[in-house]
Amino acid sequence: MTVDDANSRRSGAGSGAGSETGAEPGPESRSEPRSESRAGAGAGTGGAEYPTPHHVVDHTAEPTDDPLAIRLEQLILGAERRYTPFQAARTAGVSMDLASRFWRAMGFADIGQAKALTEADVLALRRLAGLVEAGLLSEPMAVQVARSTGQTTARLAEWQIDSFLEGLTEPPEPGMTRTEVTYPLVELLLPELQEFLVYVWRRQLAAATGRVVQAADDEEMVDRRLAVGFADLVGFTRLTRRLEEEELGELVEAFETTCADLVAAHGGRLIKTLGDEVLYAADDAGTAAEIGVRLIETLAHDETMPALRVGIAFGTVTTRMGDVFGTTVNLASRLTSIAPKDAVLVDGALAEELSRTGEAPVSEAQVADEIARAEKDGETPPSYRFALQPMWQRPVRGLGVIEPWLLTRREPKIPG
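Being a predicted model, the structure only gives us computed values, none of them experimental.

Chemist: Can you lay out the nonpolar core for me, pointing to particular residues and giving the numbers?
Modeler: Of all hydrophobic cores here, the largest spans 38 residues; its most connected members are Leu308, Ile312, Val346, Leu354 and Leu407. A per-element tally of this core places helix 10 (residues 285-300) first, with eight residues. Contacts of Val346, omitting those with residues within four sequence positions, involve Ile312, Leu335, Ala351, Leu388, Glu403, Pro404, Trp405 and Leu407. Of all hydrophobic cores here, the second largest spans 23 residues; its members include Val94, Trp103, Ala105 and Ala146.

Structure below.
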(Lines give C-alpha, C1' and ligand atoms only; values in the text may rest on other atoms or scores of the structure.)
Protein backbone atom coordinates (compact mmCIF):
# COMPACT_ATOMS: atom_id res chain seq x y z
CA MET A 1 0.00 0.00 0.00
CA THR A 2 1.39 3.43 -0.93
CA VAL A 3 0.82 6.74 0.78
CA ASP A 4 -1.48 7.71 -2.08
CA ASP A 5 -3.59 4.64 -1.29
CA ALA A 6 -3.53 5.59 2.39
CA ASN A 7 -4.69 9.14 1.76
CA SER A 8 -7.47 7.95 -0.51
CA ARG A 9 -8.79 5.80 2.35
CA ARG A 10 -8.94 8.68 4.80
CA SER A 11 -12.55 9.46 5.56
CA GLY A 12 -13.73 13.04 5.16
CA ALA A 13 -15.70 14.95 7.74
CA GLY A 14 -19.43 14.49 7.71
CA SER A 15 -22.01 17.01 6.57
CA GLY A 16 -23.09 19.84 8.77
CA ALA A 17 -26.31 20.47 10.59
CA GLY A 18 -28.71 22.10 8.19
CA SER A 19 -30.52 25.38 8.60
CA GLU A 20 -34.11 25.73 9.59
CA THR A 21 -35.78 26.33 6.26
CA GLY A 22 -38.93 27.64 7.85
CA ALA A 23 -37.07 30.68 9.25
CA GLU A 24 -35.70 33.59 7.28
CA PRO A 25 -31.91 33.49 7.42
CA GLY A 26 -29.94 36.58 8.25
CA PRO A 27 -27.97 38.60 5.68
CA GLU A 28 -24.76 36.72 6.40
CA SER A 29 -26.28 33.39 5.45
CA ARG A 30 -27.35 34.56 1.98
CA SER A 31 -23.77 34.65 0.75
CA GLU A 32 -22.66 32.19 -1.89
CA PRO A 33 -21.44 28.84 -0.55
CA ARG A 34 -17.70 28.84 0.04
CA SER A 35 -15.49 26.33 -1.65
CA GLU A 36 -13.83 23.88 0.69
CA SER A 37 -11.26 21.79 -1.11
CA ARG A 38 -10.75 19.57 1.90
CA ALA A 39 -12.41 16.17 1.85
CA GLY A 40 -15.92 15.98 3.21
CA ALA A 41 -16.79 19.66 2.84
CA GLY A 42 -19.99 18.93 0.93
CA ALA A 43 -23.20 17.84 2.55
CA GLY A 44 -25.61 15.73 0.59
CA THR A 45 -23.56 16.14 -2.61
CA GLY A 46 -21.50 12.99 -2.50
CA GLY A 47 -18.40 14.83 -1.33
CA ALA A 48 -18.76 17.71 -3.80
CA GLU A 49 -16.58 20.75 -3.41
CA TYR A 50 -19.36 23.07 -2.24
CA PRO A 51 -21.43 22.70 0.94
CA THR A 52 -25.16 22.14 0.72
CA PRO A 53 -27.12 25.37 0.13
CA HIS A 54 -29.32 26.26 3.06
CA HIS A 55 -32.58 25.46 1.29
CA VAL A 56 -31.51 21.87 0.60
CA VAL A 57 -32.26 19.51 3.48
CA ASP A 58 -31.09 15.92 3.84
CA HIS A 59 -34.06 14.31 5.58
CA THR A 60 -32.22 10.98 5.82
CA ALA A 61 -30.39 12.33 8.86
CA GLU A 62 -33.40 13.05 11.06
CA PRO A 63 -32.58 12.50 14.77
CA THR A 64 -33.91 9.33 16.36
CA ASP A 65 -37.10 9.28 18.38
CA ASP A 66 -36.19 6.08 20.23
CA PRO A 67 -36.86 6.75 23.95
CA LEU A 68 -33.75 4.96 25.22
CA ALA A 69 -31.54 6.64 22.61
CA ILE A 70 -32.92 10.04 23.66
CA ARG A 71 -32.34 9.27 27.36
CA LEU A 72 -28.76 8.19 26.62
CA GLU A 73 -28.20 11.29 24.52
CA GLN A 74 -29.42 13.55 27.34
CA LEU A 75 -27.25 11.68 29.83
CA ILE A 76 -24.13 12.03 27.67
CA LEU A 77 -24.72 15.62 26.54
CA GLY A 78 -26.01 16.76 29.91
CA ALA A 79 -28.83 18.75 28.33
CA GLU A 80 -32.17 18.32 26.60
CA ARG A 81 -32.97 19.02 22.96
CA ARG A 82 -34.05 22.61 22.71
CA TYR A 83 -33.00 24.31 19.46
CA THR A 84 -33.27 23.88 15.71
CA PRO A 85 -29.99 24.57 13.89
CA PHE A 86 -31.15 28.07 12.93
CA GLN A 87 -32.25 28.85 16.49
CA ALA A 88 -28.92 27.58 17.88
CA ALA A 89 -26.92 29.74 15.46
CA ARG A 90 -29.05 32.81 16.24
CA THR A 91 -28.77 32.25 20.00
CA ALA A 92 -24.99 31.89 19.70
CA GLY A 93 -24.79 35.09 17.65
CA VAL A 94 -23.25 33.24 14.71
CA SER A 95 -24.32 33.37 11.07
CA MET A 96 -26.07 30.26 9.77
CA ASP A 97 -23.38 29.97 7.11
CA LEU A 98 -20.56 29.82 9.66
CA ALA A 99 -22.54 27.55 12.01
CA SER A 100 -23.16 25.09 9.18
CA ARG A 101 -19.47 25.08 8.27
CA PHE A 102 -18.51 24.37 11.88
CA TRP A 103 -21.05 21.55 12.17
CA ARG A 104 -19.95 20.00 8.89
CA ALA A 105 -16.33 20.18 9.99
CA MET A 106 -17.16 18.43 13.26
CA GLY A 107 -18.81 15.63 11.27
CA PHE A 108 -22.42 16.22 12.30
CA ALA A 109 -25.20 15.27 9.91
CA ASP A 110 -27.70 17.62 8.32
CA ILE A 111 -30.80 17.46 10.52
CA GLY A 112 -33.05 19.81 8.60
CA GLN A 113 -35.57 21.65 10.79
CA ALA A 114 -35.48 19.19 13.69
CA LYS A 115 -35.28 20.54 17.23
CA ALA A 116 -32.29 18.43 18.28
CA LEU A 117 -29.59 20.80 19.52
CA THR A 118 -28.78 21.74 23.11
CA GLU A 119 -27.17 24.49 25.14
CA ALA A 120 -23.85 22.68 24.67
CA ASP A 121 -24.14 23.15 20.89
CA VAL A 122 -24.79 26.85 21.36
CA LEU A 123 -21.82 27.19 23.72
CA ALA A 124 -19.52 25.38 21.28
CA LEU A 125 -20.50 27.79 18.49
CA ARG A 126 -19.93 30.79 20.77
CA ARG A 127 -16.48 29.53 21.74
CA LEU A 128 -15.29 28.91 18.18
CA ALA A 129 -16.73 32.17 16.92
CA GLY A 130 -15.25 33.98 19.92
CA LEU A 131 -11.76 32.73 19.08
CA VAL A 132 -12.19 34.14 15.58
CA GLU A 133 -13.56 37.48 16.81
CA ALA A 134 -10.69 37.81 19.29
CA GLY A 135 -8.17 37.29 16.52
CA LEU A 136 -6.73 34.17 18.13
CA LEU A 137 -7.78 32.01 15.18
CA SER A 138 -8.62 32.83 11.59
CA GLU A 139 -11.95 31.54 10.35
CA PRO A 140 -10.33 28.80 8.19
CA MET A 141 -8.20 27.75 11.16
CA ALA A 142 -11.27 27.55 13.42
CA VAL A 143 -12.89 25.25 10.85
CA GLN A 144 -9.74 23.14 10.86
CA VAL A 145 -9.85 22.92 14.66
CA ALA A 146 -13.44 21.72 14.43
CA ARG A 147 -12.57 19.23 11.68
CA SER A 148 -9.53 17.71 13.37
CA THR A 149 -11.34 17.41 16.70
CA GLY A 150 -14.41 15.91 15.07
CA GLN A 151 -12.48 13.33 13.06
CA THR A 152 -10.35 12.23 16.01
CA THR A 153 -13.15 11.97 18.55
CA ALA A 154 -15.52 10.28 16.07
CA ARG A 155 -13.06 7.46 15.64
CA LEU A 156 -12.54 7.22 19.40
CA ALA A 157 -16.29 7.12 20.07
CA GLU A 158 -16.86 4.43 17.44
CA TRP A 159 -14.09 2.31 18.91
CA GLN A 160 -15.42 2.67 22.44
CA ILE A 161 -18.90 1.61 21.41
CA ASP A 162 -17.82 -1.22 19.10
CA SER A 163 -15.06 -2.72 21.20
CA PHE A 164 -15.63 -1.56 24.75
CA LEU A 165 -19.24 -0.91 25.61
CA GLU A 166 -20.53 -3.71 23.38
CA GLY A 167 -18.60 -6.28 25.41
CA LEU A 168 -19.51 -4.78 28.76
CA THR A 169 -23.21 -4.56 28.04
CA GLU A 170 -23.72 -8.28 27.65
CA PRO A 171 -26.71 -9.02 29.91
CA PRO A 172 -25.28 -10.17 33.27
CA GLU A 173 -28.39 -12.19 34.15
CA PRO A 174 -30.87 -14.24 32.14
CA GLY A 175 -33.93 -12.26 31.20
CA MET A 176 -32.17 -8.87 31.21
CA THR A 177 -31.90 -6.98 27.94
CA ARG A 178 -28.85 -5.07 26.78
CA THR A 179 -30.82 -1.84 26.82
CA GLU A 180 -31.53 -2.33 30.54
CA VAL A 181 -27.80 -2.51 31.22
CA THR A 182 -26.55 0.25 28.91
CA TYR A 183 -27.93 3.32 30.70
CA PRO A 184 -26.53 2.66 34.21
CA LEU A 185 -23.24 1.52 32.70
CA VAL A 186 -22.83 4.70 30.66
CA GLU A 187 -23.83 6.72 33.73
CA LEU A 188 -20.99 5.15 35.72
CA LEU A 189 -18.35 5.26 32.97
CA LEU A 190 -19.02 8.71 31.52
CA PRO A 191 -17.31 10.93 34.14
CA GLU A 192 -14.29 8.63 34.39
CA LEU A 193 -13.81 8.39 30.62
CA GLN A 194 -14.23 12.15 30.29
CA GLU A 195 -11.54 12.87 32.86
CA PHE A 196 -9.22 10.34 31.27
CA LEU A 197 -9.76 11.81 27.81
CA VAL A 198 -8.89 15.31 29.03
CA TYR A 199 -5.80 13.99 30.83
CA VAL A 200 -4.47 12.19 27.75
CA TRP A 201 -5.23 15.18 25.50
CA ARG A 202 -3.36 17.56 27.82
CA ARG A 203 -0.39 15.19 27.95
CA GLN A 204 -0.30 14.87 24.17
CA LEU A 205 -0.72 18.64 23.75
CA ALA A 206 2.18 19.29 26.12
CA ALA A 207 4.40 16.86 24.21
CA ALA A 208 3.47 18.29 20.81
CA THR A 209 3.98 21.87 22.00
CA GLY A 210 7.37 20.97 23.40
CA ARG A 211 8.46 19.52 20.05
CA VAL A 212 7.31 22.58 18.14
CA VAL A 213 8.90 25.23 20.37
CA GLN A 214 12.23 23.42 20.14
CA ALA A 215 12.23 23.82 16.35
CA ALA A 216 15.27 25.62 15.00
CA ASP A 217 13.28 28.40 13.31
CA ASP A 218 9.74 29.45 12.47
CA GLU A 219 9.75 27.66 9.12
CA GLU A 220 10.69 24.38 10.79
CA MET A 221 7.59 24.65 12.97
CA VAL A 222 5.50 23.87 9.87
CA ASP A 223 7.88 22.08 7.51
CA ARG A 224 10.06 19.95 9.79
CA ARG A 225 12.83 17.46 9.20
CA LEU A 226 11.57 14.12 10.43
CA ALA A 227 12.18 10.43 9.91
CA VAL A 228 9.03 8.77 8.56
CA GLY A 229 8.46 5.02 8.54
CA PHE A 230 5.86 2.67 7.09
CA ALA A 231 5.42 -0.90 8.35
CA ASP A 232 3.37 -3.17 6.09
CA LEU A 233 2.14 -6.74 6.50
CA VAL A 234 3.10 -8.89 3.51
CA GLY A 235 0.31 -10.81 1.75
CA PHE A 236 -2.50 -9.20 3.72
CA THR A 237 -4.91 -9.31 0.77
CA ARG A 238 -4.52 -13.09 0.53
CA LEU A 239 -5.15 -13.34 4.27
CA THR A 240 -8.47 -11.53 3.95
CA ARG A 241 -9.67 -14.30 1.64
CA ARG A 242 -8.43 -17.09 3.93
CA LEU A 243 -9.37 -15.95 7.42
CA GLU A 244 -12.77 -15.57 9.01
CA GLU A 245 -13.80 -11.98 9.79
CA GLU A 246 -13.30 -12.42 13.53
CA GLU A 247 -9.83 -13.94 13.04
CA LEU A 248 -8.87 -11.14 10.66
CA GLY A 249 -10.06 -8.54 13.15
CA GLU A 250 -8.02 -10.10 15.94
CA LEU A 251 -4.90 -10.19 13.74
CA VAL A 252 -5.27 -6.54 12.75
CA GLU A 253 -5.86 -5.50 16.37
CA ALA A 254 -2.80 -7.43 17.54
CA PHE A 255 -0.68 -5.91 14.77
CA GLU A 256 -1.81 -2.35 15.47
CA THR A 257 -1.43 -2.78 19.24
CA THR A 258 2.10 -4.21 18.92
CA CYS A 259 3.17 -1.43 16.57
CA ALA A 260 1.61 1.32 18.68
CA ASP A 261 3.31 0.05 21.84
CA LEU A 262 6.74 -0.26 20.20
CA VAL A 263 6.54 3.12 18.51
CA ALA A 264 5.54 4.86 21.75
CA ALA A 265 8.03 2.98 23.94
CA HIS A 266 11.00 3.96 21.78
CA GLY A 267 10.15 7.64 21.37
CA GLY A 268 8.28 7.75 18.08
CA ARG A 269 4.77 8.93 17.23
CA LEU A 270 2.13 6.77 15.62
CA ILE A 271 0.58 8.88 12.87
CA LYS A 272 -2.13 6.46 11.72
CA THR A 273 -3.03 2.82 11.22
CA LEU A 274 -4.62 1.36 8.11
CA GLY A 275 -5.29 -2.24 9.05
CA ASP A 276 -2.32 -3.89 7.36
CA GLU A 277 -0.07 -0.84 7.59
CA VAL A 278 1.08 1.71 10.14
CA LEU A 279 2.72 5.07 9.61
CA TYR A 280 5.00 6.52 12.29
CA ALA A 281 7.39 9.43 12.64
CA ALA A 282 10.38 10.29 14.82
CA ASP A 283 12.41 13.43 15.38
CA ASP A 284 15.72 11.73 14.64
CA ALA A 285 16.99 8.99 12.36
CA GLY A 286 18.25 6.75 15.16
CA THR A 287 14.87 6.54 16.84
CA ALA A 288 13.10 5.72 13.58
CA ALA A 289 15.71 3.08 12.73
CA GLU A 290 15.43 1.45 16.16
CA ILE A 291 11.64 1.28 15.85
CA GLY A 292 11.84 -0.25 12.37
CA VAL A 293 14.31 -2.94 13.42
CA ARG A 294 12.36 -3.67 16.63
CA LEU A 295 9.15 -4.14 14.67
CA ILE A 296 10.83 -6.71 12.43
CA GLU A 297 12.43 -8.50 15.39
CA THR A 298 9.23 -8.59 17.44
CA LEU A 299 6.80 -9.75 14.76
CA ALA A 300 9.27 -12.30 13.38
CA HIS A 301 8.88 -14.21 16.66
CA ASP A 302 5.08 -14.20 16.43
CA GLU A 303 3.96 -17.26 14.46
CA THR A 304 0.46 -15.84 14.01
CA MET A 305 1.75 -12.81 12.10
CA PRO A 306 2.61 -12.60 8.40
CA ALA A 307 6.02 -11.30 7.34
CA LEU A 308 6.63 -7.57 7.77
CA ARG A 309 8.49 -5.03 5.70
CA VAL A 310 9.50 -1.51 6.72
CA GLY A 311 10.54 1.56 4.74
CA ILE A 312 12.03 4.69 6.34
CA ALA A 313 12.96 8.05 4.81
CA PHE A 314 14.42 11.21 6.34
CA GLY A 315 13.76 14.77 5.22
CA THR A 316 11.40 17.72 5.21
CA VAL A 317 7.81 16.84 6.11
CA THR A 318 4.68 18.96 6.19
CA THR A 319 2.47 18.26 9.20
CA ARG A 320 -1.24 19.01 9.12
CA MET A 321 -4.11 17.86 11.34
CA GLY A 322 -1.87 15.25 12.94
CA ASP A 323 -0.90 13.74 9.58
CA VAL A 324 2.31 14.06 7.56
CA PHE A 325 2.70 14.84 3.87
CA GLY A 326 5.38 15.41 1.27
CA THR A 327 8.04 13.72 -0.81
CA THR A 328 9.69 12.17 2.24
CA VAL A 329 6.45 10.39 3.16
CA ASN A 330 5.95 9.19 -0.41
CA LEU A 331 9.52 7.88 -0.51
CA ALA A 332 9.06 5.94 2.74
CA SER A 333 5.92 4.37 1.30
CA ARG A 334 7.71 3.37 -1.93
CA LEU A 335 10.62 1.89 0.03
CA THR A 336 8.15 -0.23 1.96
CA SER A 337 6.62 -1.59 -1.23
CA ILE A 338 10.03 -2.78 -2.55
CA ALA A 339 11.49 -3.98 0.77
CA PRO A 340 12.22 -7.72 1.14
CA LYS A 341 10.23 -9.72 3.68
CA ASP A 342 11.25 -9.11 7.30
CA ALA A 343 13.64 -6.33 6.28
CA VAL A 344 14.04 -2.56 6.65
CA LEU A 345 14.94 -0.35 3.69
CA VAL A 346 15.98 3.27 4.22
CA ASP A 347 16.78 6.11 1.86
CA GLY A 348 20.17 7.75 1.36
CA ALA A 349 19.32 10.72 3.59
CA LEU A 350 18.54 8.51 6.57
CA ALA A 351 21.65 6.39 5.96
CA GLU A 352 23.75 9.55 5.84
CA GLU A 353 22.17 10.84 9.06
CA LEU A 354 22.90 7.57 10.88
CA SER A 355 26.52 7.79 9.76
CA ARG A 356 26.77 11.45 10.78
CA THR A 357 25.49 10.73 14.28
CA GLY A 358 27.79 7.74 14.72
CA GLU A 359 25.01 5.15 14.87
CA ALA A 360 26.08 3.31 11.71
CA PRO A 361 29.45 3.10 9.94
CA VAL A 362 29.90 4.48 6.46
CA SER A 363 31.27 1.13 5.32
CA GLU A 364 32.71 -2.12 6.65
CA ALA A 365 36.14 -0.93 5.51
CA GLN A 366 35.80 1.97 7.96
CA VAL A 367 34.97 -0.49 10.75
CA ALA A 368 38.01 -2.64 9.94
CA ASP A 369 40.30 0.42 9.98
CA GLU A 370 38.87 1.58 13.31
CA ILE A 371 39.31 -1.86 14.90
CA ALA A 372 42.93 -2.11 13.66
CA ARG A 373 43.71 1.38 14.92
CA ALA A 374 42.12 0.66 18.31
CA GLU A 375 44.08 -2.60 18.70
CA LYS A 376 47.30 -0.79 17.85
CA ASP A 377 46.64 1.97 20.36
CA GLY A 378 45.21 -0.35 23.02
CA GLU A 379 41.84 1.38 22.92
CA THR A 380 38.27 0.20 22.61
CA PRO A 381 36.98 0.51 19.04
CA PRO A 382 33.78 2.52 18.48
CA SER A 383 30.54 0.56 18.53
CA TYR A 384 27.60 1.04 16.20
CA ARG A 385 23.94 0.20 16.65
CA PHE A 386 23.19 -0.42 12.99
CA ALA A 387 24.72 -1.71 9.79
CA LEU A 388 23.94 -0.32 6.33
CA GLN A 389 24.27 -2.18 3.08
CA PRO A 390 23.73 -0.37 -0.25
CA MET A 391 21.25 -2.03 -2.59
CA TRP A 392 20.88 -1.77 -6.35
CA GLN A 393 19.65 1.57 -7.64
CA ARG A 394 16.19 1.38 -9.09
CA PRO A 395 13.54 3.68 -10.54
CA VAL A 396 10.58 4.42 -8.30
CA ARG A 397 7.31 5.72 -9.65
CA GLY A 398 7.04 9.47 -9.23
CA LEU A 399 10.42 9.82 -7.50
CA GLY A 400 12.99 8.91 -10.15
CA VAL A 401 15.98 6.67 -9.44
CA ILE A 402 16.78 5.97 -5.79
CA GLU A 403 19.45 3.96 -3.99
CA PRO A 404 17.91 2.14 -1.03
CA TRP A 405 19.99 0.87 1.88
CA LEU A 406 19.31 -2.31 3.83
CA LEU A 407 19.26 -1.51 7.55
CA THR A 408 20.07 -4.22 10.10
CA ARG A 409 21.06 -4.33 13.73
CA ARG A 410 24.84 -4.55 14.08
CA GLU A 411 26.22 -7.20 16.38
CA PRO A 412 29.30 -5.86 18.19
CA LYS A 413 32.55 -7.42 17.00
CA ILE A 414 35.15 -8.37 19.58
CA PRO A 415 38.71 -7.43 18.54
CA GLY A 416 41.30 -10.16 18.14
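Chemist: An account of the environment of Arg225 is requested, with residue identities and associated values reported.
Modeler: Take Arg225: it is sitting in strand 1 (residues 223-233). In contact with Arg225, not counting residues within four places along its chain, are Asp283, Phe314, Gly315 and Thr316.

Chemist: A description of the packing of helix 3 (residues 85-92) against helix 4 (residues 96-106) should follow, citing residues and the corresponding values.
Modeler: At a closest axis distance of 9 Å, the pairing of helix 3 and helix 4 adopts a crossing angle of 110°. Looking at the two axes, helix 3 sits roughly perpendicular to helix 4. By crossing handedness, the relation of helix 3 to helix 4 is classed as right-handed. Between helix 3 and helix 4, the contacting residues are Pro85, Phe86, Ala88 and Ala89 on the first element and Met96, Ala99 and Trp103 on the second. Here the residues of the contact of helix 3 with helix 4 are counted per class, giving seven nonpolar, no polar and no charged.

Chemist: Account for the environment of Leu335, with residues named and values stated.
Modeler: In this fold, Leu335 is placed in helix 11 (residues 327-338). Residue Leu335 is classed as buried on the basis of its relative accessible area, which comes to 0%. Between the C-alpha atom of Leu335 and that of Ile402, which follows or precedes it by 67 residues, the distance is 9.4 Å. When neighbours within four sequence positions are excluded, Leu335 is seen to be in contact with Gly311, Ile312, Leu345, Val346, Asp347, Ile402 and Pro404.

Chemist: Kindly report on the packing of helix 3 against helix 5 (residues 119-133), identifying the contributing residues and their values.
Modeler: Remark: helix 3 packs on helix 5, axes separated minimally by 9 Å, with the N-to-C direction vectors making an angle of 50°. On the basis of the axis angle, helix 3 is oblique to helix 5. At the point where helix 3 passes helix 5, the crossing takes the right-handed sense. Residue-level contacts link Ala88, Ala89, Thr91 and Ala92 of helix 3 to Val122, Leu125 and Arg126 of helix 5.

Chemist: With reference to specific residues and values, describe a positive patch on the surface.
Modeler: Together, Arg238, Arg241, Arg242 and Lys341 give the surface a local cluster of positive charge. By secondary structure assignment, the location of Arg238 is in helix 8 (residues 236-242).

Chemist: Outline the packing of aromatic side chains, listing residues and values.
Modeler: By the definition in use, this model includes one aromatic pair. Between Phe196 and Tyr199 the ring centres are 6.1 Å apart and the planes differ by 40°, which places this aromatic pair in the tilted class. Taken as a pair, Phe196 and Tyr199 lie in helix 7 (residues 178-213) at a separation of three residues, close to a single helical turn. Here Arg71 stacks its cationic end above the ring of Tyr183, 4.1 Å away from the centre of that ring.

Chemist: Lay out the pattern of salt bridges with the relevant residues and their values.
Modeler: Per the stated rule, a full pass over the model turns up twelve salt bridges. Here Glu290 ties to Arg409 by a salt bridge, and the two come within 3.0 Å at their closest N and O atoms. Taken together, the residues span a long stretch of sequence, with Glu290 in helix 10 and Arg409 in strand 10 (residues 405-409) at a distance of 119 residues. Glu290 sits in the buried class, given a relative accessible area of 7%.

Chemist: Tell me what's going on with helix 4, and back it up with residues and numbers.
Modeler: Of all the eleven residues making up helix 4, eleven are buried; the element is thus mostly covered by neighbouring parts of the structure. Among the residues making up helix 4, those that are buried are Met96, Asp97, Leu98, Ala99, Ser100, Arg101, Phe102, Trp103, Arg104, Ala105 and Met106.

What counts as what
All residue numbers refer to position in the chain's written sequence, counted from 1. Totals for whole chains, interfaces and linings use all residues, but because this is a predicted model, local features are given only for residues with pLDDT of at least 70 and pairs of side-chain atoms are given and counted only at 80 or more. Each side-chain value is worked out from all heavy atoms of the structure, with water and hydrogens disregarded. Only buried Ala, Val, Leu, Ile, Met, Phe, Trp, Tyr and Cys residues count toward a nonpolar core, and they belong to the same one when joined by side-chain atoms within 4.5 Å. Working definition: with a 1.4 Å probe on protein chains only, accessible area under 20% of the residue-type maximum means buried, over 50% means exposed, and in between means partly exposed. In DSSP terms, a helix is any run of H or I states spanning at least four residues, a strand is any run of E spanning at least two, and both are numbered starting from the N terminus. The criterion used for residue contact is that any of the two residues' heavy atoms lie within 4.5 Å. Angles shown run from 0 to 180 degrees and are taken between the N-to-C directions of axes, each axis being a line fitted to C-alpha atoms and, for helices, limited to the stretch in contact. Roughly parallel here means an angle under 35 degrees, roughly antiparallel means over 145, roughly perpendicular means 65 to 115, and every remaining angle is called oblique. Should the near helix be turned anticlockwise from the far one by less than a right angle, the crossing is left-handed, and should it be turned clockwise, the crossing is right-handed. Amino acids are sorted into nonpolar (Ala, Val, Leu, Ile, Met, Phe, Trp, Tyr, Cys and Pro), charged (Asp, Glu, Lys and Arg) and polar (every other residue, Gly among them). Patch definition: residues above 30% relative accessible area lacking any salt bridge, with like charges linked at up to 9 Å and the nonpolar side chains Val, Leu, Ile, Met, Phe, Trp and Tyr linked at up to 5 Å. Only the protein chains shown count as cover for residues, and the accessible areas themselves come from Shrake-Rupley with a 1.4 Å probe. Should a side-chain nitrogen of Lys or Arg be within 4 Å of a carboxyl oxygen of Asp or Glu, the pair is scored as a salt bridge. Asp and Glu count as negative and Lys and Arg as positive, but His and the ends of the chain are not part of the count. Working definition for charges: the position is that of NZ of Lys, CZ of Arg, CG of Asp or CD of Glu. In this analysis, rings of Phe, Tyr and Trp, with Trp reduced to its six-membered ring, are considered paired at centre separations within 6.5 Å, and the interplanar angle assigns stacked below 30 degrees, edge-to-face beyond 60, and tilted for intermediate values. Charge-over-ring placement is defined geometrically: NZ (Lys) or CZ (Arg) within 6 Å of the ring centre, and within 35 degrees of the ring normal.

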